[in-house]
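Spelled out from the first residue to the last, the chains are:
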Amino acid sequence: MIKSKLVNLLNEMTLDEKIGQLVQISGNFFLEEDNVQTGPISNLGMCENMIYKVGSILNIVGAKNVITVQNKYLEKSRLKIPLMFMADIINGYKTVFPIPLAQGCSWNTEVVKRCAQISMKEATIAGVNVNFYPMVDLVRDARWGRVMESTGGEDTYLNEIYAKVLVNAIQGDDISQEGNCAACIKHFAAYGAVESGREYNKVDMSERELRQYYMSAYKAGIEEKAKMIMTSFNIVDGIPATINKWLLREILRAEYGFDGVVISDYSAIQETIAHGISIDKKDAALRAINAGVDIDMQTNVYSNFLKELVKEKVLDISLIDEAVYRVLKLKNELKLFENPYGNANIEKEKKILLSNENLEEARKLTSETFVLLKNKQNVLPINKNQKIALIGPYADNFAITGEWSMFSERENIVTIKQALEERIGKENILYAKGSNMLTTKEMNYILKADGKELLKNGEELKTQKKYLDEAMVVAKKADIIVLAVGEHYKQSGEGNARVSLRIPKLQQKLINTLRTLNKPIVMVLFNGRPLVLEGIENKVDAILEVWFPGTEGARAIWDVLFGDENPSGKLNMCFPEHEGQCPIYYNQYNTGRPNINNLRFESRYQDASIYPKYPFGFGLSYSKLEYRDLKLSSTILHKGKNDKITVSVTIENCSNVDAKETVQLYIQDLFGSVVRPIKELKAFKKVLIKAKGKTKIEFEITEEMLKFWNRDLQYISEEGEFKVYIGCNCRDCLEGKFELI
Ligand code: NOJ
């Protein structure tokens with residue numbers, strides 16, 4: 001539709017019709033057969049005449065559902081403006097990929113891109129028009145349950161790179177085409193910095209810190225023309241992000257030039273009342289529309305109060321028109337006026353969802369997301385003649401797709417035991433569950449939060465001893481123990497903040513018991529956040545971090561354990577030594593007392609080091625690599641002259657195994673007008689280094705890499721001395737020095 005037609009359409013709309021476009025509700029309201037008026041509408045408290053005017057639908061997927069709802073809606077709608085269907089397709093639709101935090105550990109943009117592209121291919125034929133993804137919040141505190149949704153983890157640069165890759169992978173060149181849809185960046189802004197890692201909590205920091213670390217990934221996504229952005233639940237500098245005019249109008253619209261749609265997070269506008277700012281829903285509606293929120297997700301705040309505000313002349317209709325136009329424009333870009341079903345296609349669903357191609361590719365991509373944290377005496381890869389005892393609550397468990405995989409079915413997921421059976425035959429399997437996942441108390445916490453029936457106290461005691469005994473019987477017959485353990489999948493994700501980052505107690509007992517046999521133990525770890533492995537790490541010989549690896553995860557695990565694939569993942573968030581260190585991240589500032597030869601008054605803890613157990617960028621492989629000869633083409637970089645320094649290292653693969661190595665470049669600004677971090681990632685390259693081969697890796701250092709936000713909030717570089725580090729993680733690096741003059 002051409003622009004003038006879109007404007008005509010806007011002019012034809014009644015005020016109610018306009019307001020409807022700014023409202024999003026759950027599609028169940030249309031799918032439920034019983035009387036829409038008594039059930040769903042009254043639950044939401046939305047005026048009855050608004051229901052067939054709403055502009056978009058949340059989390060209804062599947063071509064048949066989408067087509068049914070669209071038809072029902074259009075039949076009753078006066079102007080026949082189609083609904084937009086939005087959903088959270090985070091790490092896959094039917095074919096589920098590793099959780100985003102895991103994908104980010106690939107340090108391979110192609111892996112992240114392909115996971116998103118295949119997910120979008122499946123989701124768009126299932127009718128999705130807008131994906132509430134990517135989440136680009138910077139995450140530095142593993143207590144926060146939602147770190148699992150981040151690809152960039154604790155690092156600003158990595159986060160920016162992935163934000164761009166994901167927006168492009170989701171949107172492609174044309175959002176109306178099959179395989180593409182609109183990307184919704186979230187959660188604007190700084191949601192990852194919630195105090196104490198507690199969900200929905202406050203965020204407060206200097207504007208300089210906010211810009212330096214937290215804002216740039218949102219900006220990067222906007223520069224790639226993301227069509228939508230979602231406001232966050234948290235406050236920023238005392239004002240909830242959802243009604244924060246400074247954030248939404250001054251920064252997002254004016255400074256970043258964002259002209260897409262702003263949507264609130266789920267009921268976030270209404271929640272500004274609980275925050276203690278808006279005095280009632282009407283006030284909340286006024287504040288949100290004034291701040292620039294176009295769509296109200298899943299409350300009646302806009303639907304029931306905007307009209308009154310216009311009638312009372314408190315709200316200028318132009319603000320509504322502006323918001324409605326943005327929504328219509330997006331529908332037009334999706335070509336929904338020409339074809340209201342978008343790419344929803346029942347026939348294609350049968351062919352494409354979970355197709356062999358998708359699954360095969362998923363298996364390959366998945367193995368690149370695993371991080372080998374420990375491999376004592378090269379206990380891995382497992383020798384194919386060794387007898388394996390497969391033990392643990394994750395060994396024969398379908399729940400390996402993570403908190404967000406709400407559209408996948410368990411029958412499509414292969415368990416680790418099933419995948420091993422495929423390789424060595426059912427008759428050769430030595431398996432025991434070994435332990436319950438959680439105690440009754442821990443499990444009941446999860447069940448209660450989900451409104452489910454609780455277990456009786458001490459329920460696990462009935463089975464725990466039996467599981468443990470069975471595990472010992474099985475383990476005694478084996479040469480090597482593969483132990484599949486970790487967090488319950490509902491211990492990470494939204495609303496699942498934790499103060500303990502340890503493997504659940506019952507499973508710790510299992511590990512300790514098996515240790516007494518003195519057989520090699522390979523721990524395969526399932527979790528949605530970095531864990532504290534104190535007291536466990538030293539009991540096992542190898543640790544393979546597989547996060548929540550998805551539909552093909554189990555097959556990919558054996559590919560790596562048997563050495564068909566060489567692990568190449570590296571951590572995008574460090575593993576703390578202790579929870580008390582959180583938030584912990586590599587690019588900290590030096591204190592005035594970092595290392596002063598006087599322990600008593602040094603910046604430290606009495607009962608833990610200040611360093612993580614496994615640092616950012618860390619990950620082993622089956623190869624043995626040596627970094628040497630860091631060389632700079634010059635030690636001077638000229639300011640304002642587009643100058644470059646080439647820095648190189650030589651990496652030798654001293655093993656018989658080809659390696660995929662992520663080479664990381666960090667820079668430190670030694671003296672600045674504001675304190676600068678001890679190291680910042682500025683570039684990386686993932687390269688293949690052949691067995692017994694040698695490669696020279698080069699990077700270019702430019703002035704752009706040295707820029708930062710100064711006290712006056714200018715993004716600048718400053719003359720002076722810098723250190724450059726190249727290494728296999730943020731800790732183990734070669735270093736050199738140069739000057740910007
Ligand atoms: C709340 C979450 O914070 C957000 O990430 C998600 O997109 C919406 N719910 C919609 O499901």
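Residues numbered from 1 in each chain as written. Predicted model: local features only at pLDDT ≥ 70, side-chain atom pairs only at ≥ 80, totals over all residues. Heavy atoms only, no water.

Visitor: So, the layout of surface pockets: which residues are in play, and what are the values?
Guide: Unfilled space is identified by rolling a water-sized probe across the atoms. In this structure, the largest pocket encloses a volume near 840 Å³. Forming the boundary of the largest pocket are 30 residues, of which Tyr586, Gln588, Ile610, Tyr611 and Ile678 lie nearest the centre. In the lining of the largest pocket, the residues fall into 16 nonpolar, 7 polar and 7 charged. (1 Å grid on protein atoms, 1.4 Å probe; cavity = no way out; pocket = protein on both sides within 12 Å on 5 of 7 lines; lining within 4 Å. Points joined across faces, edges and corners; volume = space filled by probe spheres on them. Nonpolar A, V, L, I, M, F, W, Y, C, P; charged D, E, K, R; others polar.)

Visitor: Can you tell me about helix α13 (residues 281–291), naming the residues and giving the values?
Guide: In an α-helix, one turn spans 3.6 residues; hence positions three or four apart end up facing the same way. Every buried residue of α13 is accounted for by Asp283, Ala284, Ala285, Leu286, Ala288, Ile289 and Ala291. For α13, the elements touching its buried residues are α11 (245–255), α12 (271–274), α14 (301–311) and α15 (317–333). (Buried < 20%, exposed > 50% of the residue type's maximum accessible area, 1.4 Å probe, protein only. Helix = DSSP H or I, 4+ residues; strand = E, 2+ residues; numbered from the N terminus. Contact = heavy atoms within 4.5 Å.)

Visitor: I'd love a proper account of the packing of aromatic side chains, names of residues and values included.
Guide: Per the stated rule, a full pass over the model turns up 21 aromatic pairs. Here the aromatic rings of Tyr93 and Phe407 are separated by 5.7 Å at their centres, their planes lie at 50°, and the arrangement is tilted. Highlighted residues: Tyr93 in the loop between β3 (84–87) and α6 (100–104) and Phe407 in the loop between β12 (388–391) and α18 (416–424), separated in sequence by 314 residues. Each member of the pair Tyr93 and Phe407 is classed as buried. With centroids separated by 5.4 Å and ring planes inclined at 25°, the aromatic side chains of Tyr614 and Phe618 adopt a geometry described as stacked. Of the two residues, Tyr614 and Phe618, neither departs from the other in class, the shared state being buried. Put simply, the rings of Trp107, Tyr157, Tyr586, Phe616, Tyr666 and Phe684 touch in pairs and so form one group of aromatic residues. Stacked on the ring of Tyr585, the Lys or Arg Arg140 has its end atom at 3.7 Å from the ring centre. The ring of Tyr725 carries the charged tip of Lys679 above its face, separated from the ring centre by 4.4 Å. (Phe/Tyr/Trp six-rings, centres within 6.5 Å; stacked < 30°, edge-to-face > 60°. Lys NZ or Arg CZ within 6 Å of the ring centre and 35° of its normal.)

Visitor: Could you give me a rundown of the domain arrangement of the protein chain, with the residues and numbers involved?
Guide: If you check the domain split of the protein chain, you get domain 1 (353–572) and domain 2 (625–740). Contact residues are listed per partner, giving 4 residues for domain 1 and 9 residues for domain 2. Where domain 1 touches domain 2, the interface holds 3 salt bridges. With its nearest N and O atoms 3.3 Å apart, the salt bridge here joins Glu368 to Lys660. Viewed at the interface, domain 2 and domain 1 are joined by 6 residue pairs in polar contact (both at pLDDT 80 or more). (Domains from an automatic or database assignment. Salt bridge = Lys/Arg side-chain N within 4 Å of Asp/Glu carboxyl O. Polar contact = N/O pair within 3.5 Å; in protein donor to acceptor, adjacent residues only side chain to side chain.)

Visitor: Explain helix α22 (residues 553–561) to me, using residue names and the numbers behind them.
Guide: Within α22, 9 of the 9 residues are buried, leaving the element largely enclosed by the surrounding structure. Those residues of α22 that fall on the buried side of the exposure criterion are Gly553, Ala554, Arg555, Ala556, Ile557, Trp558, Asp559, Val560 and Leu561. In this structure, the buried side of α22 is in contact with α17 (356–367), β12, α18, β14 (480–486), β15 (521–526) and β16 (542–545). Of the residues one or two after α22, Gly563 is the one with positive phi, at around 85°.

Visitor: Quick one: what's the story with empty space enclosed by the protein, residue by residue and with numbers?
Guide: Counted according to the given criterion, the structure contains 2 cavities of 30 Å³ or more. Considered as a void within the structure, the largest cavity measures approximately 60 Å³ in volume. Residue lining of the largest cavity: 14 residues in total, with Val128, Asn129, Leu334, Gly342 and Asn343 positioned closest to the centre. For the lining of the largest cavity, a count of residues per class yields 7 nonpolar, 7 polar and no charged. Of the volumes computed, that of the second largest cavity is approximately 50 Å³. Around the second largest cavity, the lining residues are Ile89, Ile90, Gln103, Cys115, Ala116, Ser119, Met120, Asn131, Tyr133, Leu166 and Ile170. At the level of secondary structure, the elements contributing two or more residues to the lining of the second largest cavity comprise α7 (109–125) and α8 (156–171). Residue contributions to the lining of the second largest cavity peak at 4 residues, all from α7. Partitioning the lining of the second largest cavity into residue classes produces 8 nonpolar, 3 polar and no charged.

Visitor: Residues and numbers for the sheet that holds strand β11 (residues 371–375), please.
Guide: Taken in spatial order, the 6 strands make up an open sheet running β11-β16-β15-β14-β12-β13, and their pairing is mixed. Edge positions in the sheet fall to β11 and β13 (430–432), since each of these pairs with one other strand and no more. When the angles between neighbouring strand axes are averaged without regard to direction, this sheet yields 15°. The sheet contact formed by β14 and β15 spans 6 bridges and is parallel. Across the sheet, the residue bridging to Ile481 is Ile521, located in β15. Contacting β12, β14, β15 and β16, α22 crosses the sheet at an angle of about 145° to β15. (Pairing = 2+ DSSP bridges. Axes fitted to C-alpha atoms, helices over the stretch in contact; angles between N-to-C directions.)

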